[in-house]
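Given next are the chains, with one letter for each unit.
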Amino acid sequence: MKRQISLFIALILTVFITACNKKEGFKKELQNEGYKAVITSNKPLHIGINIWKIKIYSPDGKPLTGAKVYINGYMPPMPGMPEMSFDYPVEDKGNYYEAKVNLSMAGTWQITIKAEKNGKTTTFKFGFNL
Ligand SMILES: [Cu+2]
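Bear in mind that the values here come from a model prediction, so they are computed numbers and not experimental data.

A. Quick peek at the overall build of the protein. When helices and strands are tallied, the protein shows 1 helix and 9 strands. Starting at the N terminus and walking to the C terminus, you meet the elements of the protein as α-β-β-β-β-β-β-β-β-β. Each of the 130 residues in the protein was classed as buried or not, and the buried ones make up 17%.

B. Main features of the pairing of strand S1 (residues 26-32). Looking at chain direction, S1 and strand S2 (residues 35-41) are connected through 7 bridges and run antiparallel. In the strand pairing of S2, Lys27 is matched with Thr40. Linking two consecutive strands that pair antiparallel, namely S1 and S2, is a turn of 2 residues; a positive phi of about 50° is found at Glu33 within it.

C. Highlighting the environment of Gln31. Here Gln31 is to be found in strand S1. Looking at Gln31, the number of C-beta atoms within 10 Å reads 12, which means it is exposed. Sequence separation between Gln31 and Tyr57 is 26 residues; the distance between their C-alpha atoms is 9.4 Å.

D. Structural view of the sheet that holds S2. Read across the sheet, 5 strands follow the order S1-S2-S3-S7-S6 without closing on themselves; strand pairing throughout is antiparallel. Edge positions in the open sheet fall to S1 and strand S6 (90-92), since each of these has one partner strand only. When strand polarity is set aside, the average angle formed by the axes of neighbouring strands in this sheet is 20°.

E. Expanded view of the nonpolar core. In this structure, Ile54, Val69, Ile71, Ala99 and Ile113 are the most contacted members of the largest nonpolar core, which totals 20 residues. Sorting the residues of this core by element identifies S2, strand S3 (48-57), strand S4 (68-75), strand S7 (97-103) and strand S8 (108-117) as the ones contributing at least two each. Residues contacting Ile54, with those up to four places away along its chain left out, are Ala37, Ile39, Val69, Tyr96, Tyr97, Ala99 and Ile113.

F. The environment of Phe26, seen in detail. Tracing the backbone through its elements, the reader meets Phe26 in strand S1. Among the residues examined, Phe26 registers 16 C-beta atoms within 10 Å and is labelled partly exposed. A C-alpha to C-alpha distance of 4.7 Å links Phe26 and Pro44, two positions 18 residues apart in sequence. Excluding residues within four positions of it along the chain, Phe26 makes contact with Thr40, Ser41, Lys43, Pro44 and Leu45.

G. Just the environment of Met105, in detail. Residue position: Met105 is located in the loop between S7 and S8. Exposure remark for Met105: the 13 C-beta atoms within 10 Å place this residue in the partly exposed category. For the pair Met105 and His46, spaced 59 residues apart in sequence, the C-alpha to C-alpha distance is 8.8 Å.

What counts, and where the lines are drawn
- Residues numbered from 1 in each chain as written.
- Predicted model: local features only at pLDDT ≥ 70, side-chain atom pairs only at ≥ 80, totals over all residues.
- Helix = DSSP H or I, 4+ residues; strand = E, 2+ residues; numbered from the N terminus.
- Buried ≥ 20, exposed ≤ 12 C-beta atoms within 10 Å, placed from the backbone.
- Pairing = 2+ DSSP bridges.
- Axes fitted to C-alpha atoms, helices over the stretch in contact; angles between N-to-C directions.
- Core = buried A, V, L, I, M, F, W, Y, C linked by C-beta atoms within 7 Å.
- Contact = placed C-beta atoms within 7 Å.

What follows is the structure, encoded as structure tokens:
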């Protein structure tokens, strides 16, 4: 009976851990000139609106708060389709920034994040295939 109970608990834990892993979502770290941007999302990259939590750190390691943050999504031209470029809304949430990134279709995306504070602009870039 004890053995059955521990097997049952092991099974529950396995299911739980698997479910958690599936929910892991999306995480990306970017660096430029000592600045760092960490993007996290509850959901993996998907077609539609992706909600990204973006934390930006200055070279001293402290969160870069009160910056003006811009995010652009660019898709190069595809056969039968011109290039596309979108500026996404970004909200300042205090110690992080929240962006609603609408990835409107499958294909190659290039993301540019700009953080501007006190006349200094730092740019982060990355790309992926959706
Ligand atoms: Cu396209």
